[in-house]
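# Working through the structure, step by step
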Amino acid sequence: MVNATINGIAISVEDGTTILEAARKVGVEIPTLCYLKEVNEIGACRVCVVEVEGQDRCVTACNNVVQEGMVIRTNTRKVRTTRKTNVKFILSQHDYECASCVRSGNCTLQSLANELNISEMPYDSILEKNKWDKTFPLIRENNKCIKCMRCVQICDNVQGMHIWDVVNTGSRTTVNVAKNRLIQETNCTLCGQCVVNCPVGALRERDDVGRVLDAVEDENIITVVQIAPAVRTAWGEGFGLSKDFATAKRLVAGLRRIGFDYIFDTTFSADLTIMEEGSELLERLPEIKESGLPMFTSCCPGWVNFIKKEYPQYVDRLSTAKSPQQMFGAVTKSYYAEKLGVEPERIFCVSLMPCLAKKDECTWDNGKDVDAVLTTREVERMLKSFFIKVQELEEEEFDDPLGVGSGAGVIFGATGGVMEAALRSAYYLVNKTNPEPDAFQCVRGLDGWKEAKFTINGNILKVAVASSLSNARKLMEAIATGKAHYDFVEVMACPGGCINGGGQPIKDDDNKVANRSKVLYGLDKVNNLRFSHENPSVMQCYKDYFGEPLSHKAHELLHISH
């Protein structure tokens, strides 16, 4: 332990504790901009400076540790002046036309400038320009980049993809796509983790709200919207709503105010996915045991992009089942179109997703299933543009018959959720009796790589669950070298799964991810339906249209060749 004082407060902290951590332990706030705990602790922005007695210059708090006897002051005139000057320098290389920025009102730099009372700029603006394909789902605006390095560190250290890097030299030094490539030339999976960790508006998703509203306002088009499980955990964050109040049914009410014709729940197609994927697993199990290679889930397009680009030799191990998003679109434009008595071409299918990669996925099958994807952030902006007072919304029900979902479908949004839902139904398909709903809960949790063994009808099933692409890489290397053997593997590209997807609201702490997970498991716990195979709407869909899982029609509409 080392002893010091911070603003006159005596502290005793473990050796190696940074000044920033020590200050937060005693309730002293030090502003940060580039800092990401255990990811980006490099003092690049120099906003977290403090004054240490005996040192002429201010020092950064995020990467300097407390020394025995240190006397630290966090808010002296020298500190305040230095911070203010540093932020002004950053602003001089940043396009601060905040009114037209998607991050206005939710921008760390904007908040800092306000808190530091910066009312005028003494420095000329020197803005960097770049050419970018605005049709790509991920948009980078160099004139807003503050060179904080967050995107580089997240992509390198958390996702292991190395898409971003420092480029050029001298005064031209900046952050951009590594090796001077176009983003389309990289192995970017569109996980979007760089976006949710960018403190400003330098990275964002392609905005598709206008295209969606064009369809809503076209009287000849029937707009059908689906709400993904993870969206319901986070859509209210930008409005300051509590998790208890910001229910999916209140979001349904808001979307009806906008004018969508039919509003459905993606948990319906999550249950449908389980029926197809679970049946596929059981059908492929003899070959899996013989080859020693697993079947991989295919629900996460970021993960599918990853395996196609990084481990193409294992693409045939992916489940052929489409993701819930794509299955929903396929069902909407076939089964549901027949029920409505309309041509499928008249239906415009919109997905509300926590993900950037979903914008890419909807183009894979010639774009015939889903027409447009909006992230959770775009949903928030769309609701605000209609001046809907979400605090006053009453709950409204999803439309039938595609609005019914089980608890198993809900937990798809958390890492391990797809695995648990699949195992619940696989157990039933083999034994013709339900297991305890929580029998497979050991695959839950935010750990990056989990494994478990289960016995189903005498067969030992060894499974693994991974989230984040760096963990996916470790798992794939273990499989490739024969160090690990599994029968069934679930992978989510984002740490923690879809609840922490690249299209979710910008988070300021990791506790939000854990809280989003609790919401999903809480909804599963209170749901009268805990098993995908008991979803009456799914069963009716098979009875009326598909016949049975893996039927010819099911293969035609609900499966895809990777």
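Below: a short report on this structure. These numbers come from a predicted model, not from an experiment.

## Some points on the nonpolar core
In terms of nonpolar packing, the biggest core is built from 90 residues, with L109, L138, W164, F296, W303, V463 and M476 touching the most fellow members. For this core, the leading source of residues is helix α15 (residues 469–480), giving six residues. Excluding anything up to four places from it in sequence, M476 contacts F296, W303, F306, I307, Y311 and Y314. Membership of the second largest hydrophobic core comes to 62 residues, among which are A228, L251, A337 and M353.

## Topic: the packing of helix α8 (residues 266–291) against helix α14 (residues 417–431)
In contact at an axis separation of 9 Å, α8 and α14 are set at 65° when each is read in the N-to-C sense. In terms of crossing hand, the pair formed by α8 and α14 is right-handed. Contacts between α8 and α14 pair I274, M275, E277, G278, S279 and L282 from the former with V418, A421, A422, S425, A426, L429 and V430 from the latter. When grouped by side-chain class, the residues that make up the contact of α8 with α14 number nine nonpolar, three polar and one charged.

## Some points on the sheet that holds strand β5 (residues 71–73)
Sheet architecture is open: five strands sit in the order β2-β1-β5-β3-β4, paired in mixed fashion. With one partner strand each, in any of the chains shown, β2 (9–13) and β4 (59–60) form the two edges of the open sheet. Looking at chain direction, strand β1 (residues 2–6) and β5 are connected through two bridges and run parallel. Across the sheet, the residue bridging to T5 is V71, located in β5. Contacting β3 (49–52) and β5, helix α2 (residues 77–92) runs over the sheet at an angle of about 150° to β3.

## Considerations on helix α6 (residues 209–216)
Listed in full, the buried residues belonging to α6 are V209, V212, L213, A215 and V216. All buried residues of α6 lie within an arc of 155° about the axis, which places them on one face of the element. For α6, the elements touching its buried residues are β10 (222–227), α7 (248–258), β13 (347–353), β14 (372–375) and α12 (376–385).

## A few points about the packing of α8 against helix α17 (residues 536–546)
At their nearest, the axes of α8 and α17 sit 9 Å apart, and the two run at 60° to each other. Relative to α17, the element α8 lies oblique. In this structure, α8 crosses over α17, and the sense of that crossing is right-handed. Every residue of α17 that contacts α8 at F268, D271, L272, M275 and E276 is listed here: S537, V538, M539, C541 and Y542. Considered class by class, the residues forming the contact of α8 with α17 number seven nonpolar, one polar and two charged.

## Comments concerning α8
At R284, α8 shows its strongest bend, of approximately 50°, with the proline P286 following within four residues. With 19 of 26 residues buried, α8 lies mostly within the body of the structure. Positioned one or two residues after α8, G292 has a phi angle of 80°, which is positive.

What counts as what
Residues numbered from 1 in each chain as written. Predicted model: local features only at pLDDT ≥ 70, side-chain atom pairs only at ≥ 80, totals over all residues. Heavy atoms only, no water. Core = buried A, V, L, I, M, F, W, Y, C linked by side-chain atoms within 4.5 Å. Buried < 20%, exposed > 50% of the residue type's maximum accessible area, 1.4 Å probe, protein only. Helix = DSSP H or I, 4+ residues; strand = E, 2+ residues; numbered from the N terminus. Contact = heavy atoms within 4.5 Å. Axes fitted to C-alpha atoms, helices over the stretch in contact; angles between N-to-C directions. Left-handed = near helix turned anticlockwise from the far one by under 90°. Nonpolar A, V, L, I, M, F, W, Y, C, P; charged D, E, K, R; others polar. Pairing = 2+ DSSP bridges. Arc of directions from axis to C-beta. Parallel < 35°, antiparallel > 145°, perpendicular 65-115°, else oblique. Bend = angle between axes of the 7 residues up to and from the residue.

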